[in-house]
Amino acid sequence: MEIINHFKDFSNVSIFLAYNVNVDALKYLTDLSDIEELKENFSDSEIKTKIEEYPRTIEKPIDFVARLIHAMKSGKPAEVPLKNNLEIDTFLNRLTYNEERIGGQVGIISNLLSILNLKKIIFYSPILAKKQAEMFENNENLVFPNITNGKLVLKKPIESFKNDELKINRIFEYKEDIEFYLENEKITTPQSNRFIVASRPENLRIEIKDELKSHLPEIGQLVDCAIISGVQAIKEEYSDGKTSEYYLNKVKEDIKSLKKENKDLKVHFEFASIQNTEMRKKIAESILPEVDCVGMDETEIANIIHVLGYEELSEGILKHSKIEDVLKASKILLEKYNLEGMQVHTMYYIMYLCKKGGILSDESLEKTLEFATVLASTKAALGQISSIEDLKTGLKIPHNKHGELLKEIVENISKEKELGGYKIILVPSRIVENPKSTVGLGDTISAGAFVGYVSELKKLKNK
Ligand SMILES: Nc1ncnc2c1ncn2[C@@H]1O[C@H](COP(=O)(O)OP(=O)(O)O)[C@@H](O)[C@H]1O
Ligand SMILES: O=P(O)(O)OC[C@H]1O[C@](O)(CO)[C@@H](O)[C@@H]1O
Ligand SMILES: [Mg+2]
């Protein structure tokens, strides 16, 4: 029970979140018939060839089926951008979806933190359609920045929406142990996970609109921390000639502006799946040096390390999931970008790597990760967290059976010379065997761990 009470520390924390909110349309794939329905219009050999081609955008139904099956075979999380056209739009629209939820790191984290009673959550999205606005918690602590007569006015989302385009992502949630054949190859999904078809509307630009931009230092003074996410939607080029450099520069400027009048403001960057390898590299190289903490899943850390030239290490992580390799990769990023903390979440653990000398104790850091695992197991079991009471469900789920071994491994690695200057904190995950859904569990973990981190720093400062 004690760990649940960590949420009380959050009531002293205010946060700014930007840039991505959308609606997630979820389709649950639970058995063979669900898979058959999706692949019925294609021959197995056609699907196999397409899997080998490995399309990095979804332009045709076959691209979708191939990438979905590829993802299901590995059981790993994946997100692939959609390139709209009549054929693929018709195909995806014809499918039936089981439920709609708020999505995007900003959407998911805003609602979670509102329930966890943060002092103030100021969230920003360049688009806010009515339907999205209505999906936010209607609480006093959750507000959107509006500009009225040149002044910053914080209003509830339902008082802030505009006539914006609605962004809908399709999420395919598959269960563990679904068995099917592709020609004579038997595929069994190794675990439940999600495959995301991410919409990329041409008019959605990842930026803070000009009239608000000049108020960012003011917003920075109102908060203790910020989470930046959604930059995975930046395209290399737009029809009006603007480029990824233009938008990445804007994001950098925004982070600097937030920190301008509040040097203590901590910024966390939540990574996501980025198919375009050039873009992945550009995003890592332009954003990571600007932030304090980073959160990512195991596949994402492998993929970043790959574009930074560590192919072998990357392939090792993807194939064997060895914690030693994840630590090596974390250390590379921590050093290269001078980060205060790297947080990696995998199916089996959540781990921080920080430089030694930080003011937080191991116990304090461990508490923040422990709380994050309870948030994740609660959301996995229930699909969403609607009240503090719900956390009791997550707390009942034990640490996974590899937990003790993982802790031992980390204890031993910590003693090695190369990691002498670092603090490694690992908490085993509480795996829900038959999760209601998995999308947004990482966002939930990162938000819980980062806000926990900031609340612990704040407690020490106020002592
Ligand atoms: N069944 C489950 N029970 C508990 N935790 C889970 C389960 N499945 C996944 N998780 C946690 O959620 C994380 C998913 O993170 P990530 O891939 O970043 O998801 P997203 O980007 O959708 O939020 C995993 O690394 C793991 O820690
Ligand atoms: O890349 P996008 O379109 O911002 O979408 C991010 C996706 O990741 C999630 O935020 C989960 O991490 C989904 O809710 C959402 O569909
Ligand atoms: Mg994630």
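Above this text is the structure in question.
Residues numbered from 1 in each chain as written. Chains lettered and ligands numbered in written order. Predicted model: local features only at pLDDT ≥ 70, side-chain atom pairs only at ≥ 80, totals over all residues. Heavy atoms only, no water.

Comments concerning the site of ligand 2
At step 1: Taken together, 18 residues lie near ligand 2, and Asp24, Glu79, Lys167, Arg200 and Asp443 sit nearest.
At step 2: Gln105 is positioned such that a nitrogen or oxygen atom in its backbone is 3.1 Å from an oxygen atom of ligand 2.
At step 3: One of the side-chain nitrogen or oxygen atoms of Asn169 is found 2.9 Å away from an oxygen atom of ligand 2.
At step 4: At the level of elements, β2 (22–29), α5 (105–115), β8 (168–174) and β11 (193–198) are the ones that each hand at least two residues to the shell around ligand 2.
At step 5: Grouping the amino acids of the shell around ligand 2 by side-chain chemistry returns five nonpolar, eight polar and five charged. (Near = heavy atom within 4 Å. Polar contact = N/O pair within 3.5 Å; in protein donor to acceptor, adjacent residues only side chain to side chain. Helix = DSSP H or I, 4+ residues; strand = E, 2+ residues; numbered from the N terminus. Nonpolar A, V, L, I, M, F, W, Y, C, P; charged D, E, K, R; others polar.)

Some remarks on helix α4 (residues 86–94)
What sets the pattern is the α-helix's 3.6 residues per turn: residues three or four places apart point alike.
At step 1: Looking at α4, one finds that the buried residues are Ile88, Phe91 and Leu92. In an axial view of α4, the angular spread of the buried residues amounts to 90°, which keeps them on one side of the axis. Relative to its buried face, α4 has exposed residues pointing more than 90 degrees away, namely Leu86, Asn93 and Arg94.
At step 2: Packing partners of the buried residues in α4 comprise α1 (32–39), α3 (61–74), β8 and β11.
At step 3: The backbone nitrogen of Glu87 has a side-chain oxygen 3.1 Å away, supplied by the residue at the start of α4, namely Asn85. (Buried < 20%, exposed > 50% of the residue type's maximum accessible area, 1.4 Å probe, protein only. Arc of directions from axis to C-beta. Contact = heavy atoms within 4.5 Å.)

Quick word on the nonpolar core
At step 1: Ranked by size, the top nonpolar core spans 116 residues in total, and within it Ile15, Phe16, Phe269 and Met342 carry the most contacts.
At step 2: Ranked by residues supplied to this core, first place goes to helix α17 (residues 441–461) with eight residues.
At step 3: Other than its neighbours up to four places away in sequence, Met342 contacts Val294, Met296, Ile301, Ser330, Leu333, Leu334, Met351, Tyr352 and Leu353.
At step 4: Ranked by size, the runner-up nonpolar core spans 30 residues in total, among them Ile58, Met72, Leu82 and Val197. (Core = buried A, V, L, I, M, F, W, Y, C linked by side-chain atoms within 4.5 Å.)

Section: the packing of aromatic side chains
At step 1: For the coordinates displayed, the defined rule picks out 13 aromatic pairs.
At step 2: Seen in terms of ring centroids, Tyr246 and Tyr247 are 4.8 Å apart; in terms of plane orientation they differ by 85°. Their pairing is edge-to-face.
At step 3: Within the aromatic cluster, the residues linked to one another by ring pairs are Phe42, Phe64, Phe91, Tyr97, Phe172 and Phe195.
At step 4: In this structure, Arg67 is placed above the aromatic ring of Tyr54, and the distance from its NZ or CZ to the ring centre is 3.9 Å. (Phe/Tyr/Trp six-rings, centres within 6.5 Å; stacked < 30°, edge-to-face > 60°. Lys NZ or Arg CZ within 6 Å of the ring centre and 35° of its normal.)

Re the pairing of strand β3 (residues 78–81)
At step 1: Neither face of β3 is left uncovered, since the one carrying Ala78 and Val80 and the one carrying Glu79 and Pro81 both have all their residues buried.
At step 2: In the sheet, β3 pairs with β11 via four bridges, with the strands oriented parallel. For Val80, the partnering residue across the bridge sits in β11 and is Val197. (Pairing = 2+ DSSP bridges.)

Overview of the sheet that holds strand β16 (residues 349–355)
At step 1: The sheet built from 10 strands is open, its strands ordered β7-β6-β5-β1-β12-β13-β14-β15-β16-β17 with mixed pairing. Each edge of the open sheet carries a strand with a single partner, namely β7 (151–155) and β17 (422–428). Sheet twist, expressed as the mean angle between neighbouring strand axes with direction ignored, is 20°.
At step 2: Where strand β15 (residues 341–345) meets β16, five bridges bridge the pair, whose relative direction is antiparallel. Bridged to Gly341 within β16 is Cys354.
At step 3: Contacting β14 (293–297), β15 and β16, helix α11 (residues 298–307) crosses the sheet at an angle of about 110° to β14.
At step 4: Against the sheet, helix α16 (residues 403–414) touches β16 and β17, its axis set at about 175° to β17. (Axes fitted to C-alpha atoms, helices over the stretch in contact; angles between N-to-C directions.)

Examining the site of ligand 1
At step 1: Inspection of the region around ligand 1 gives 17 residues, with Asp297, Thr346, Val432, Gly440 and Gly442 positioned closest.
At step 2: Contact between ligand 1 and His345: an oxygen atom at 3.0 Å from a side-chain N or O atom of the residue.
At step 3: The separation between an oxygen atom of ligand 1 and a polar main-chain atom of Gly442 is 2.8 Å.
At step 4: Protein chains bury 94% of the 580 Å² of accessible surface belonging to ligand 1 in isolation.
At step 5: For the shell around ligand 1, the element with the most residues is α17, which contributes four residues.
At step 6: Broken down by class, the residue content of the shell around ligand 1 amounts to nine nonpolar, four polar and four charged. (Areas by Shrake-Rupley, 256 points an atom, 1.4 Å probe, with all protein chains shown as cover.)

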